[in-house]
Amino acid sequence: MSNVQTHNEMHSDHRLWDSEATLWEDDIQIWEGELNAALAEMKQLEEVLAEHRKGLESHAEAIRAARADRATHEHALAKYEHGETGEDLVVLAQKHEAEAEHRAELRQTHERVKRHHHTVMAHWRLLFKALSKEM
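Okay, so let's go over this structure. (Residues numbered from 1 in each chain as written. Predicted model: local features only at pLDDT ≥ 70, side-chain atom pairs only at ≥ 80, totals over all residues. Heavy atoms only, no water.)

Let us now look at the environment of V91. Structurally, V91 can be placed in helix α3 (residues 89–132). Here the alpha-carbon distance between V91 and L126, two residues 35 residues apart in the chain, equals 52 Å. (Helix = DSSP H or I, 4+ residues; strand = E, 2+ residues; numbered from the N terminus.)

It is at 10 Å that the axes of helix α2 (residues 42–81) and α3 come closest, and there the two elements cross at 155 degrees. One element, α2, and the other, α3, form an angle in the roughly antiparallel class. Viewed along their axes, α2 and α3 form a crossing whose handedness is left-handed. Partitioning the contact of α2 with α3 into residue classes produces 15 nonpolar, nine polar and five charged. (Axes fitted to C-alpha atoms, helices over the stretch in contact; angles between N-to-C directions. Parallel < 35°, antiparallel > 145°, perpendicular 65-115°, else oblique. Left-handed = near helix turned anticlockwise from the far one by under 90°. Nonpolar A, V, L, I, M, F, W, Y, C, P; charged D, E, K, R; others polar.)

To continue, consider a positive patch on the surface. A cluster of basic residues, R67, R70, R103 and R107, forms a positive patch at the surface. Among the structural elements, R67 can be located in helix α2. By relative accessible area, R67 is classed as exposed at 57%. (Patch = residues over 30% accessible without salt bridge, like charges linked within 9 Å, V, L, I, M, F, W, Y side chains within 5 Å. Areas by Shrake-Rupley, 256 points an atom, 1.4 Å probe, with all protein chains shown as cover. Salt bridge = Lys/Arg side-chain N within 4 Å of Asp/Glu carboxyl O. Lys, Arg positive; Asp, Glu negative; His and termini not counted. Charge placed at Lys NZ, Arg CZ, Asp CG, Glu CD. Buried < 20%, exposed > 50% of the residue type's maximum accessible area, 1.4 Å probe, protein only.)

By themselves, these are just geometric observations and shouldn't be taken as functional.
Laid out in structure tokens, this is it:
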């Protein structure tokens, strides 16, 4: 048997290759549609990331406000301990209890924000890495 292909075998290869090329072109058409949809979603992605930034800024402001409230409470407590005029111990204790509850809520919020942010950034890094690679 010879290594040389017959005309029929070559024609058969050509039909197979044409069929393959048709499938590949169909794949590319689908992929281009998906890519166009992704590009159209870029504005929405920017909006979502901007909202994420606003959420981070809001959370940071809540932390700063809680720190300021704690400093005010600490100052009032120190004034009480030194016998200066100020709130009585019952009021200070009530404020402390409210501050402790707020702190617990802030802690839960921080953990939720942290998990969300880490998830977003992990996906972003994977996407960016995938898009940065050559085909």
